[in-house]
Structure formats: structure tokens, C-alpha cells
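Here is what each chain is made of, one letter per residue.
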Amino acid sequence: MNAKKASAGLLLACVCGTAPLALANDPADTSNEVGESAHVQAFDLPQSAYLSEETRSVLRLHRALWAAAFNDSCGSLQRQDPARLAEIRKCQAAAFYASEIYRQVRERYPVSITYRRIGGVYSEIFTPGRGIGRKNQRRVLINLHGGGFLEGSRTVSHLESIPIAGVAHIKVISIDYRQAPEARFPAASEDVVAVYRELLKSYPPKNIGIYGCSAGGLLTAQTIAWLHKVHLPLPGAVGMFCMGATYTGQGDSSFIARAIEGAPADEFAKYFTYFEGTKPDDPLVYPVLSRTVLQVFPPSLLVTGTRDHAMSGVVYTHSRLAQLGVETELHVFEGLGHAFFYDPALPESREVYSLVSKFFDAHLGTQ
């Protein structure tokens, strides 16, 4: 399974989530544990009984829509001729913009989209169609899109930015940060900080919020670590969704998600090529490792689902922040998976948009 198929597959299975759970086990072995590892017998995993009929209907009907919006027809970005990368990304964006999923999000949340370089970094600016709210005239949100540090710019960035701009009545700037296979860590962190420095010329730091899903959730945490390192003032609040301040391939949920998808055990390790050459104890890569970094975090909102392969990292990040006295909120949605709120038709998605809007409204400055 290549990285493109893995990312699309995990999104489809975790959002649509009816695949059987089959973990390898010797039928003759009736023991529950051997040493520190548990042997889990194969079983069928039904949809959660707690899901509403509306949610069940959306998950069932939208499976084909997700397959159309994120398909493999454009080719994989991994192990590809560098000369073709821009062409592949352009093809992916065209397919996404023509999809029903994108039509629905644009219809539900009218916004205007403009583009410019901020601090030398290409960025998308989402402005609510009904105007920026009175309290938000001097506020701004920075979105760091998901996509495994491989893709997601100018596609997934819209799914993360459009609903928030529309519901919160606030300007959202999504950064097209450098990714693999062309770039390696810390390219993305450097790009985010370059944009942040430029925004500090127009906004007080307390009036700036940063959030992202999946890779963008981890990059949000890495940004705080980087800002702390270079002694820049921290933003007023952050949101880490679909991933915490640590690597997604660790913890119970990553094993469960791999089993649901039938992905090989090293799938996540192969996916995150962006981190090749980094040290496993570097707090600029994995901020959850550093008490010094975590204790300076601004108020933090964390969101995940019980079928999210990154749930363990999100929950662990929340517990570490709480232990250090950081103001933090954790919301775990039953029966839903990675990046579930990318689908604007899910009632749980609308709940997330409202949570995000209220959280930043409560914690950003009004200066």
C-alpha cells in the first residue's frame, strides 16, 4: 500500500467506518497476553450504536463522494520524478474542486478566497461572505492543513478553513508550507514562523490563533516549540485536531486503525518521510517530550474520534498539558475516525465547527 492509498484509505475507513477489524492471531492460542503484548482475536467491528441515524446515513451515502474527491488517478507523490510533482498536485486540486464534497462545503459556508505571499510563503486567505464579526476585526486564525506533510495544500486546507471562517466570522489564513518529498523538517516550521512574524506586524500575538488537523495538528504543536525557541511571543490559543504533539504511529489507536485498514505495521513510518533524519528525542519534532515546551503552551483545544489512528497521541497530549497546568480541552467523538469533520454534512462536524469558534472567541484577545 503506497502512501497516497494509505492516506485516502484511512480517511475513508475512519470517516465512513464500517470495515471489519481483523487482528492477526493464532487460533490455537487461547491466551490473552504474552509478556507485554496482547493477542487480540479477530472480530467484526460494527458501527457504533451511539451514532445517530443522520450520521449513519451520511457515512453510508458519502463513501463514494470521498473516493471521487481523493482518488489515485493523478498518481502518487512518493517515489516520483520531481519534475512531475507540481503536475500531480495540480491534478489532485482539480479533481477536488470538481467534487461533490467541495461543492457542499462551499454551498454551506460562503467565503471569498484570495491568495498572496505572506513572509515569502504562499498563503490562502478565507474571508466569510457575510463579513468579519465585530469582535474579530483585529483577530486572525492561521490554519495548518493536514495531509501527512506530503499533500493537502489547496485542497484539504479548504475543508479545514472554509467552515471555520464561515461559522466563526473570522479571517482564516491557510499556509501552503513546504512538504515532502521536496522538503524535510524543519521546512514547514520555518514557513509557519515566517508567516507568523509578518502577521505580528498587524495583529497582537494574543489576537492570533493557530490550528490544524492531522499533520497540521502536529505542526501546530511544533510551531509553539519553534516560537519558544526563537523567543517570539506566543499566540493567544491553539487547536490540535486529529493529531497531538507527538508522532501518530504510537499508542493503541494506531494499531487499531492499521488493523481496520489492513495496512502493514510500518505504514505510518513510511508515510512520514518528511521527518527522515530527525532524532526521536527532538522536542522541536515531538513537543510532547519536553516539559519545558509544553508548560508554555497557550490554551489548547484537542479534537479526535474513537476510530482515529491518532487518538492516542491526542489524548496523551491533553493529559500531559493538563498535568502541567495548561488550560486544555479534549473532545472525543464516538464512532468516528481521522479528520471526520472534513465532511460538512455530518452533524458532528457542525459540532466541531461550533466548538472551534467558541474556543477561539473565548481565548483570543480583543485588543
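This text goes with the structure placed above it.
Described below are features of the structure shown in this document. (Residues numbered from 1 in each chain as written. Predicted model: local features only at pLDDT ≥ 70, side-chain atom pairs only at ≥ 80, totals over all residues. Heavy atoms only, no water.)

**Regarding the state of the cysteines**
Scanning the entire structure with this criterion turns up 2 disulfides. Note that Cys74 is cross-linked by a disulfide to Cys91, the S-S spacing being 2.1 Å. Classification of the bridge connecting Cys74 and Cys91 rests on its S-S torsion, roughly -70°, and on that basis the disulfide is left-handed. Here Cys74, found in the loop between α3 (63-69) and α4 (85-97), pairs with Cys91, found in helix α4; they are 17 residues apart in sequence, far enough to count as distant. At a sulfur-sulfur separation of 1.8 Å, the disulfide partner of Cys213 is Cys242. Taking the sign of the torsion about the S-S bond as the criterion, the disulfide between Cys213 and Cys242, at about -105°, is left-handed. With Cys213 in strand β7 (residues 208-213) and Cys242 in the loop between β8 (237-241) and α9 (252-261), the pair connects residues that are 29 residues apart, well separated along the chain. Residue Cys213 shares its accessibility class with Cys242, and that shared class is buried. (Disulfide = S-S within 2.5 Å. Helix = DSSP H or I, 4+ residues; strand = E, 2+ residues; numbered from the N terminus. Buried < 20%, exposed > 50% of the residue type's maximum accessible area, 1.4 Å probe, protein only.)

**Some remarks on the environment of Gly249**
Note that Gly249 resides in the loop between β8 and α9. Taking the C-alpha atoms as reference, Gly249 lies 8.7 Å from Gly313; in sequence the two are 64 residues apart.

**Here's the deal with the sheet that holds strand β6 (residues 172-175)**
Overall, mixed pairing links the 8 strands, which are arranged β3-β4-β6-β5-β7-β8-β9-β10 in an open sheet. Single-partner strands in this sheet number two, and they are β3 (111-118) and β10 (328-337). This sheet shows a mean twist of 20° between the axes of neighbouring strands, independent of strand direction. Against the sheet, helix α12 (residues 311-323) makes contact with β8, β9 (300-307) and β10, and its axis sits at roughly 145° relative to β9, the strand it touches most. (Pairing = 2+ DSSP bridges. Axes fitted to C-alpha atoms, helices over the stretch in contact; angles between N-to-C directions. Contact = heavy atoms within 4.5 Å.)

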